[in-house]
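Residues per chain are reported as follows:
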Amino acid sequence: MAPRRSACTLGTSSSSGSSAGPGSAGAQSGSPPSPPAPDSLALSSGDSGSDFEDALRLRGKRGPHRVLGHGPVSKRPRRREPSGDGSSLAASAPEQNTLFEAVRSARIAVETVVDDWLETYKQDRETGFLELVNFIIRSCGCRGMVTPEMFRHLQNSEIIQQLTEKFEEDSAEYPLSLSTQPWRRFRAGFCELLAAVVRRCQYNVVYDEFLMDALISLLTGLSDSQVRAFRHTSTLAAMKLMTALVNVALGVSLHQENNQRQYDAERSKGPGRRATEKLEALLEKRRELQEQQEEIENMMNAVFKGVFVHRYRDVVPEIRAICMEELGTWMRSYAASFLTDGYLKYIGWTLHDKQREVRLQCVKALQGLYCCRDTAAHMELFTSRFKTRMVSMVLDKETDVAVEVVKLLTLMLENMEEALTEEDCQSVYPAVYVSSRALASAAGLFLYRRLLDPQQEAGRELSHDGDNRTFFRLLLAFFIESELHEHAAYLVDSLWDCAGPRLRDWDTISALLLEESPTEGLADQQEKALVEILAASVVQAAEGQPPVGRSPAKKPSARERKAQVEERTRLTHCLVPALPQLLAKFSADAEKAAPLLEVLRCFDLSIYCTGRLEKHLELVLGQLQEVVEKHTGQAVLEAASRALHALCDPELALRGRGDLVRGRLADQLADKFHQEVTELLQASSLDEEEVYSMAATLKRISVLFNAHDLTPWQLFEPCSQLLQRAVETGEVPPQVLVPAITCLHFHILWELSRLPSTDVPQEQLRSLKTRVTSFCSLCQICLSDMDAGIREQAFVVLSDLLLVFGPQLPRDGREALAPLVLLPDAGLQSQLAAFLMDHVFNHACAREELSATGASPPRIPGASTGAPVPTPSPSVPADDSESRIEELHRRRVLLAGFCKLIIYGVLELSAASDIFKHYAKFYSDYGDIIKETLNCARQIDRQEWARTLLLSLQQLMTELLLQQGPQIQAAEAFAEIRDLARRFSLLFSLHQLRNRSALLSMHKEGIQFAFQEPPSPGLPPLNLPFLEVLSEFSPRLLRPDKALLLAYLEKMCQEQQWLVPGHVAWPSLVAYRNSLQPQEEGGSVSSHSTAPRPHPPPGSAAKRPRVDAPSERPDSSPWPSSRLPSPALASTALRGGPRPPLPRPPARDLGSDPSSLQSSSLSLSLSRQRSRMSRLSLMVEEEEEEEVMIEEASSEEDAPEQGRTLLAPQDRLRDLFDSTILGIEDA
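Below you will find a few notes about this structure. All values reported here derive from a predicted model rather than from experimental measurement.

About the thresholds
- Residue positions are given per chain, counting from 1 as you read along its sequence in written order.
- Restriction of local features to residues with pLDDT of at least 70 applies here, the model being predicted, together with a cutoff of 80 or more for giving and counting side-chain atom pairs; totals for whole chains, interfaces and linings are based on all residues.
- The basis for every side-chain value is the complete set of heavy atoms in the structure, and neither hydrogens nor water enter the calculation.
- Numbering of helices and strands starts at the N terminus; helices are DSSP runs of H or I of at least 4 residues and strands are runs of E of at least 2.
- With residues, only the protein chains shown are counted as cover, and all accessible areas are computed by Shrake-Rupley using a 1.4 Å probe.
- We call two residues in contact whenever any of their non-hydrogen atoms come within 4.5 Å of each other.
- Axis lines are fitted through C-alpha atoms, for helices just across the contact stretch, and the angle between N-to-C directions can take any value from 0 to 180 degrees.
- The labels follow the angle: roughly parallel below 35 degrees, roughly antiparallel above 145, roughly perpendicular from 65 to 115, and oblique for the rest.
- Note on residue classes: Ala, Val, Leu, Ile, Met, Phe, Trp, Tyr, Cys and Pro are nonpolar, Asp, Glu, Lys and Arg are charged, and everything else, Gly too, is polar.
- Salt bridge, as applied in this entry: a Lys or Arg side-chain nitrogen positioned within 4 Å of an Asp or Glu carboxyl oxygen.
- Each residue's exposure class comes from its accessible area (1.4 Å probe, protein chains only) as a fraction of the maximum for that residue type: buried when under 20%, exposed when over 50%, partly exposed otherwise.
- Stacked, tilted and edge-to-face are the three classes applied to pairs of Phe, Tyr and Trp rings, where Trp contributes its six-membered ring and a pair requires centres within 6.5 Å; stacked means planes under 30 degrees apart, edge-to-face means over 60, and tilted covers the rest.
- Placement of a positive charge over a ring is assigned whenever Lys NZ or Arg CZ falls within 6 Å of the ring centre and within 35 degrees of the normal to the ring plane.

### A word on the overall build of the chain
Consideration 1: Helix and strand content of the chain: 54 helices and zero strands.
Consideration 2: Accessible surface for the chain amounts to roughly 53,300 Å². Of this, 51% is attributable to carbon and sulfur atoms.

In C-alpha cells, the structure reads:
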C-alpha cells in the first residue's frame, strides 16, 4: 500500500458509488425507490446519506505505513477450471488463489486456512491483503485480479472499473447464483472464512488501521457496482463482516463491564488496601477498551451507511434478503446498539417488499426479536406502527411467508400479552380452514394458545379430565360461534399437532355426549358439533391422513405406522363399549347417527372377537338395523351401508352376525317392496302416503345395493315393471322411479360380477344380454322425460353401462363375455350428444351456477379452503347458493360420463367435437374435464383428434353463417372462433414432427371446407372466412409444409376459377396466404386481419404486442352442413331457434395491441417496412405459447394451485392465458 493512502483516502475512493446519497445506489443498481419513513417512528440512527468517510475521519489522520520490501507477488501458473457445475464461470481460469481453492475444495478446515493467511499477512500485510481481496474478486466469478501496482497507484473506483472491463461475462452465472451442492457449500465456506478472519484478528490486526479500513472501502465500492456479481458477492461479504464486527463489539462491551466492576471493587476498598498500580492498570485498560469500542463502532457505521443503507433496497431480491437476514442477526446479538427504532424501521419498510424471500427474511428476523420477553419489551413502538401490516400478511399469497407470519403472531401473543386485539386475532382464525396444512397447523397453534388452552384460566387447578372437558367446551364454542366453516375435519386436522393428545381423549368425548344432566349436558347444536369432532379425530387417528382438499401429509415411517396401529387398537378399546350407547341416544337424529357409523369403520374389528366383545357387536348391529329402518336420508343410509359392509368382511371372524343382519334387512325390504309394487300396478291411483312408503323402501334398497349383492332377492322384475309402467303411462312418481333405475343398474352390475371368466353358461349370457338391452332402451326413452332427476339418472346409468359393456369387456382373459358387448347405435349417440347440449352446455343455466350468486366462501385470499361448500354472500340465500353449486357438480358428472365413453372407445372421437367447441366459453366450469379429454384423445389417434378439432371449428363457423349471413368478419362470435382456434393450435406446439401429418391434413381439409360453397358473382365463397380461422394453425407448420400448402392453395384457387391474376384478392385469402409465406417474405400472419383485438382488462399485466387474431370465447353452434362426415343435428335446444346473443366474456387474451392489427387496406409498402417487426413479434408469440404448452405438458391439468383458496367466480373466469398465470407479474 502506498504511503499516501490514508484512511480518509480509502473512504473517499469509493465515493463514486456512494457519495451521492441514498439515491445514487438505487440509480446505479436499478433499485426501486425507498419507502417513505413512518411518521410515528423517532429515528435515532443517522442514515441521511451514504457517505461514511466522516465516521472514519473521526479517528484522525494516520501516518504513512511502511511497505515491506517483498515486491510484487509472483504469479502462479494458470490452469483450466474443471468442467461441471459452474464451468461457464471461466473459460480460462485466472491465477490461482489459495483461499479460493481451499474454500472451494472444502478439504481443509477454515480455521487452518485463516491461520495460514494470517501468518502471511503478518509477514507482508500488502501481500496478505491482496490475497484476501482477490479471493473476494474470484468469488464474484471475475477473471481479473488486483495487482500490487494497481493497489498502490489506483483509487478503488479505478480498480473496480478495470475489474469490470476484465469481467468478460459469457453467462449470467457466478458462484453465489449457482444452487448446486458444491457451490452451496462454497457459499457457506465463503461466509465462514470472513467471519473467521475477523474472529482471529479481533485482538490486534483489526485495529491496525489498514486491513479493515481498506477492506470495507473496497467492499463498499464493489457493492455500488452495476455488475450484479460484484454487488451480490460484496454485499454478502460486507454483511458477514458486519456480523463478525458486531460479535467483536459485543465482546469488547463485556470486557468493559468486567473492567468497570473490577475498578469499582478495587476503589471501594479502604485506603490501606487499595492498590494504586492496579487502579492505574484498570484505567489504562478502560481507555484502551474505549478506543477499541470507538474503532469498532466506526467500522460498523461505515459498513452500515456505505453498504446496507443502499443495498437493502437493491433491485436484486437476494441482496435485499441478505441485508434483512443479517440485520436481524445484529439485533439479536447486540440489542443494546441495534434494537432501536432507527434500525427496526428498515424491517418494517421491507415487510412490504414484492418478493417472497425478502418478506420471509423480514418475518424470520422479527421472530428472533419477539421470541424473548426482554427483546419484545423494546418493540412497543415498532409493534404499534407495523402491527397492521404484520396481521395483514396472514393473507400473503406465498404459503411459506404466511406460515412464518402466523408463527410470529403466536410469539407476540405469548410474549406481548396486550399487543394483539381480538380483531387482530379474528384475522388469523380463518386460516385453520385453508388447504395448506402447514399454514393451517400454524393457525391451529395460534388458536390453541389464544382460546383453547385451559391452563390460561387463572385461579383454579383442574384435573386432567376436567381440563379436557374445558378444552372441548371452548372448542365447541369457537366452532359454533365463529360460523367460519361447517366441516369439523379441517379444524381437527389443524389442531392435531398441538392438541392431538386432547383430541384423542375418547373417554372424555364419550362422557360429554352421554351426559344427561340439564346443567352439565350439551345443547343439541353442541352435541352435533362434538359428534363431528369425534368422528374426525377418530378418522385422523386411524388413517393418519388429512381430510380431502388439504395437501397430503408425508409418507409415514415404519415407526409412525406402528404407532398408528397401536392408536387404532386403543381407540377401538375405548369406543367399543360407548358406541352402542351413543347410537341408542342419537339414532333418531340422522346428522348425528351418520358420523357415529363412520366411526365404526375405523375400528379394528377383529377386537370384537379377540377381546370377547360379542355383546357389544350385537348391540351395534341392532342399532345399525334400527338406523336403516328409521331414516331415508342419503348420507345416513350410505354410512350404514358402509358400516354393514365392514362388518360382513369375509376375513372377519364374526362376519356371520353381520350377514344375518344384512339378510334380515333385505328380507324385510324385499317383502315390503314386492307388496307395494303389486298394489301400485293394480291400483289406478296412489295417495301420498303410499308413494312416500314405496319411495323410502326403494331408496333403502338402492343404497344397500351399492355395497351388497341383493340379486338373490329377485328385485329386477318388479323394478323393471315400474320403469315400463312409467314409460308407457307416465304415472310413476319421480321419487319412486329414480331409485328404481338405480336398483336395476346395480342388479345388472352384480349379475355381471357373478359370472365366471371362462365356461360361462350361454343361458346366463342370453338372459343378462336381454336385460341389459331392454333396460338401456327404457333409459334412452327416459332421456327426454320432463323431470330433471329422471333424465340425469338415466344419462348417468346409460353412460356407466355403455362403459362397462364396452369393447374392453372381453379383454384380459374374459373372451367368453364377448356376446355381452353393447355398442350404441347412431340414434343413441345423437341423443346423448343432444342431452349434453340441452342440459350441460346450456349457457343460460350453466353460467348461473356460481357467477349469478355473487358468493364466495370466507377465505384467505390466495389460500384454499378445505370445504367443498362455500358460504354465500349476504345478498344470496344459503340454500340457493348451495343448490347452484350442487347443480354444477351434477352437470360436471354428466359431462365426465360422456367424456369417458369417448376416451375408452365406446364413441368415436368425432363425437368429441360437441365438447371441444365449448372449451373456451365454459372453461371456468368444465375446463379441467375438457382439457383432460383433449389430452387423452390426442394420445389415442392424432390424425382423428386433429380432424375432430377441425370439425368443432367448422360447426361453429356454420352456425355463425346461418345466424348472421356471409358478413361475419366483424362479428364478435367470429373473433371467438379464432380465439378457440388459437387455443387449439397451442396443443400442436410440442412434438412438431409427431404432429406434422395431422396438422397437414387439418389444413388441407380446412382449405377444402373454405372453397366448397360456390361463390356468387362478385363475392367470395361462403366459407372463405374460415381461412382466417385456419391461419391460427400456420405458426405450427414446418417451413417445407408451408410451401406445400401454399402450392395446394394456389391449385385450389385455379380449380375454382374465381380468382385470376389482376383481380383484387379477398382479405381472408390474403391473410391465409401470408401466414404460409416464409417469414422473410410474408411477414405477419394476421397483419391483414379485419377484426380488432380487444384491449386487455384493467389491472392485468401486459405482455409483448401480439400480431395474431382477436382472442375471445367461442359461442355454441349447430353442426355444419359440409361434405366432411359429421353426426346428425340432434339438439332439441337448437331446433327451437337461434340462441340469444351471449355477453362478452369477462376474461380476454392479454398481450395484444389493437394498433398492430390492421385490415387489408394497409399498403404494401407499410407491410414491407414492418416486416422485420412482424417476424420478431411472431417469434415472441411462438416462444410464449411454447412456454404455456411446456407447463401444460408437465402438468396434465391446471392446478388450482398450488393457490390456497377456493377460487372466487371472478378468479375462476380468468382467461387461461392471463399473464398472471404465466408468472409475468411481480409478487
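Next comes the rest of the write-up.
### Quick word on the environment of Ser 253
Consideration 1: Note that Ser 253 resides in helix H12 (residues 228-267).
Consideration 2: Setting aside residues up to four positions removed in sequence, Ser 253 forms contacts with Gln 293 and Tyr 334.

### What about the packing of helix H11 (residues 211-223) against helix H13 (residues 276-311)?
Consideration 1: Interhelical geometry of H11 versus H13 gives an angle of 5° and a closest axis separation of 10 Å. On the basis of the axis angle, H11 is roughly parallel to H13. The residues of H13 that touch H11, namely those facing Met 212, Ile 216, Thr 220 and Ser 223, are Met 299, Ala 302, Val 303, Gly 306, Val 307 and Arg 311.
Consideration 2: For the contact of H11 with H13, the per-class residue count stands at six nonpolar, three polar and one charged.

### A few points about unusual backbone geometry
Consideration 1: Phi at Arg 612 takes a positive value of approximately 55°, unusual for a residue other than glycine.
Consideration 2: Looking at where Arg 612 falls in the secondary structure, it is placed in the loop between helix H30 (607-610) and helix H31 (614-630).
Consideration 3: The backbone of Asp 812 sits at a positive phi, close to 55°, despite the residue not being glycine.
Consideration 4: Locating Asp 812 in the fold gives a position in the loop between helix H38 (788-804) and helix H39 (826-839).

### Focus: the pattern of salt bridges
Consideration 1: Scanning all chains against the criterion turns up 54 salt bridges.
Consideration 2: Note that Asp 400 and Arg 356 form a salt bridge whose closest N and O atoms lie 2.5 Å from each other. Here Asp 400, found in helix H20 (residues 399-415), pairs with Arg 356, found in helix H17 (residues 356-370); they are 44 residues apart in sequence, far enough to count as distant.
Consideration 3: Given the relative accessible area of 29%, Arg 356 is considered partly exposed.
Consideration 4: Here the salt bridges do not stand alone but share partners, grouping Glu 516, Asp 524, Glu 527, Lys 585, Asp 589 and Lys 592 into one network.

### Thoughts on the packing of aromatic side chains
Consideration 1: The full count for this structure, using the stated rule, is 34 aromatic pairs.
Consideration 2: Between Phe 795 and Phe 835, the ring centres sit 4.6 Å apart and the planes meet at 15°, which makes this aromatic pair stacked. Separated by 40 residues along the polypeptide, Phe 795 in helix H38 and Phe 835 in helix H39 bring together distant segments of the chain. You'll find Phe 795 and Phe 835 in the same group, each marked buried.
Consideration 3: Connected via pairs of aromatic rings, a cluster forms that spans Phe 304, Phe 308, Tyr 312, Trp 330, Tyr 334, Phe 338, Tyr 343, Tyr 346 and Trp 349.
Consideration 4: Geometry around Phe 716 places Arg 771 over its ring, the cationic atom sitting 4.5 Å from the centre.
Consideration 5: For Lys 1004, the ring lying beneath its charged end belongs to Tyr 1048, and the centroid distance is 5.8 Å.

Without other data, these values stay purely geometric and don't point to any function.
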